[in-house]
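Observations on chain architecture
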Amino acid sequence: GESVGLHLPTLSVQEGDNSIINCAYSNSASDYFIWYKQESGKGPQFIIDIRSNMDKRQGQRVTVLLNKTVKHLSLQIAATQPGDSAVYFCAEISGGYQKVTFGTGTKLQVIP
Amino acid sequence: NAGVTQTPKFQVLKTGQSMTLQCAQDMNHEYMSWYRQDPGMGLRLIHYSVGAGITDQGEVPNGYNVSRSTTEDFPLRLLSAAPSQTSVYFCASSTRGARNEQFFGPGTRLTVL
């Protein structure tokens, strides 16, 4: 079936460096992609989204890149801070914006 | 606003028991959804609702029922609990559909013995 997955289960980054979290997806019909952040013991929190007709979108310290040719999504975090330590999930939206499929997650560890 | 609230926070059931996980939101959101999250995995969509009186199945609906009689409430019922349903359950809501920012509740940690 369709799936969304991540290349790296754990990513360790020095504080102040940039982080790149990757995601591969397989449903070429997906309309939308979202990155969520989940801190320990909490529900996911929206970070940034991107439509399937875009290839880049920037937020505050975060950038999402979408490469439809290779079905790849990435989240870039600039100047990573200890508060960025969490599990990051990519999510794929389809079915007329009603269904969401989450990836398995990448744990980001920020080294002070 | 309280946002999305879920009760209980923790629950232990025996195999075969039934129970209802409660979810409520006070943001007047049309879209509500239930997910389960197993250890080391992403969230999987169980059921969702695009408005009062309308529900639909997600990726893993078997063993669960939902109803949406009001905009605010979206309870999830486990009909006959099984150990495979041991998980953390999250409820979420958004203004319109999954593409909008979904606000998640704090989760319910369920253990089925």
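Our structure is the block above this text.
**Considering the packing of aromatic side chains**
Per the stated rule, a full pass over the model turns up 10 aromatic pairs over all chains. With 5.5 Å between their ring centres and 85° between their planes, phenylalanine 102 of chain A and tyrosine 35 of chain B make a pair best called edge-to-face. Placement of the pair is phenylalanine 102 of chain A in strand 10 (residues 99-102) and tyrosine 35 of chain B in strand 4 (residues 31-37), with the two residues belonging to separate chains. Through successive ring pairs, a cluster of aromatic residues spans Tyr36, Phe46, Phe89 and Phe102 of chain A together with Tyr35 and Phe104 of chain B. In this structure, arginine 68 of chain B packs its charged tip against the face of phenylalanine 74 of chain B, placed 5.9 Å from the ring centre.

**Details of the pattern of salt bridges**
Two side chains carrying opposite charge are able to pair once their charged atoms lie near each other. All names here are of chain A. For the structure shown, the criterion picks out six salt bridges over all chains. A salt bridge links lysine 37 to glutamate 39; the nearest nitrogen and oxygen atoms lie 3.5 Å apart. By relative accessible area, glutamate 39 is classed as partly exposed at 27%. Between arginine 61 and aspartate 84 there is a salt bridge, with its nearest N and O atoms 2.9 Å apart. Placement of the pair is arginine 61 in the loop between strand 6 (56-58) and strand 7 (62-67) and aspartate 84 in the loop between strand 8 (72-77) and strand 9 (86-94), with a sequence separation of 23 residues. A relative accessible area of 7% places aspartate 84 in the buried class. If you follow the salt bridges from partner to partner, you end up with Lys37, Glu39 and Lys42 in one network.

**Details of the environment of valine 60 of chain B**
Turning to its location among the elements, valine 60 of chain B is positioned in the loop between strand 6 (54-57) and strand 7 (64-66). Along the primary structure valine 60 of chain B and methionine 41 of chain B are separated by 19 residues, whereas in three dimensions their C-alpha atoms are 14 Å apart.

**A few points about the pairing of strand 3 (residues 19-25) of chain B**
Residues and elements named next belong to chain B. Here strand 3 shows a buried face lined by Met19, Leu21, Cys23 and Gln25 and an unburied face lined by Thr20, Gln22 and Ala24. Sheet analysis places strand 1 (residues 4-7) next to strand 3, joined by four bridges and oriented antiparallel. By the bridge assignment for strand 3, valine 4 is matched with glutamine 25. With three bridges joining them, strand 3 and strand 8 (residues 76-78) adopt antiparallel strand pairing. Across the sheet, the residue bridging to methionine 19 is leucine 78, located in strand 8.

**Some points on the interface of chain A and chain B**
Contacts between the two partners involve 20 residues from chain A, matched on the other side by 21 residues from chain B. At the junction of chain A and chain B, the tally comes to zero salt bridges. At the junction of chain A and chain B, the tally comes to two residue pairs in polar contact (both at pLDDT 80 or more). For the side of chain A that touches chain B, the secondary-structure elements that each account for two or more residues are strand 4 (32-38), strand 5 (45-51), strand 9 and strand 10 of chain A. If you tally residues by element for the side of chain A that touches chain B, the top one is strand 4 of chain A, at four residues. Of the residues that constitute the side of chain A that touches chain B, the class distribution is 10 nonpolar, six polar and four charged.

Quick notes on the rules
- Residues numbered from 1 in each chain as written.
- Chains lettered and ligands numbered in written order.
- Predicted model: local features only at pLDDT ≥ 70, side-chain atom pairs only at ≥ 80, totals over all residues.
- Heavy atoms only, no water.
- Phe/Tyr/Trp six-rings, centres within 6.5 Å; stacked < 30°, edge-to-face > 60°.
- Helix = DSSP H or I, 4+ residues; strand = E, 2+ residues; numbered from the N terminus.
- Lys NZ or Arg CZ within 6 Å of the ring centre and 35° of its normal.
- Salt bridge = Lys/Arg side-chain N within 4 Å of Asp/Glu carboxyl O.
- Buried < 20%, exposed > 50% of the residue type's maximum accessible area, 1.4 Å probe, protein only.
- Pairing = 2+ DSSP bridges.
- Contact = heavy atoms within 4.5 Å.
- Polar contact = N/O pair within 3.5 Å; in protein donor to acceptor, adjacent residues only side chain to side chain.
- Nonpolar A, V, L, I, M, F, W, Y, C, P; charged D, E, K, R; others polar.

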